[in-house]
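# Survey of secondary and tertiary structure
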Amino acid sequence: PCAVCAGKGVVKTARSVAYDILREILREARQFNPKEFRVIAAPQVVELFLDEESLHLAGLSDFIGKPILLQAEGGIQQEQYDIVLM
């Protein structure tokens, strides 16, 4: 099997992963009350959040009333990410 898609035959774009992250943050904000959210993702995804999707990230942060911090992790695949509740 392919190391990137694990045999699924599909690889998500950085933008699709970014939107998945935004949706998951919103879901977790409804269930939990952390001080902040830390997103650990591939550099391409973090770069997209800092550039083209910065308004969406800022808007979500304002909506949930919590800061969202970004951390690029070079050793993970583009589709992998983790959201840490602090």
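These lines cover the structure that appears in this document, whether it is placed above or below. Predicted model, so just to flag it, every value in this text is computed and none were measured.

## Remarks on the nonpolar core
By size, the foremost hydrophobic cluster in this structure holds 19 residues, and its most contacted members are Ile21, Ile25, Val39, Val45, Phe49 and Ile68. Broken down by secondary-structure element, the contributors of at least two residues to this core are helix 1 (14-31), strand 1 (37-41), helix 2 (43-50) and helix 3 (54-64). With 6 residues, helix 1 is the largest single contributor of residues to this core.

## Section: the side chain of Glu53
Among the secondary structure elements, Glu53 is positioned in the loop between helix 2 and helix 3. Residue Glu53 is classed as buried on the basis of its relative accessible area, which comes to 2%. The contacts of Glu53, once residues within four sequence positions are left out, are Arg15, Tyr19 and Leu48.

Each value, and the rule that gives it
- Residues take numbers from 1 onward in each chain, read along the sequence in its written order.
- Under the rules for a predicted model, residues below a pLDDT of 70 receive no local features and side-chain atom pairs below 80 are neither given nor counted, while totals for whole chains, interfaces and linings still include all residues.
- Heavy atoms from the whole structure form the basis of all side-chain values; hydrogens and water molecules are not counted.
- The term nonpolar core refers to a set of buried residues drawn from Ala, Val, Leu, Ile, Met, Phe, Trp, Tyr and Cys, joined through side-chain atoms within 4.5 Å.
- Relative accessibility thresholds used throughout: buried, under 20% of the residue-type maximum; exposed, over 50%; partly exposed, between the two (1.4 Å probe, protein chains only).
- Strands are runs of DSSP state E lasting at least 2 residues, helices are runs of H or I lasting at least 4, and numbering of each runs from the N terminus.
- We call two residues contacting when some pair of their heavy atoms lies within 4.5 Å.

In short, the description is geometric, and any link to function would need to be established separately.
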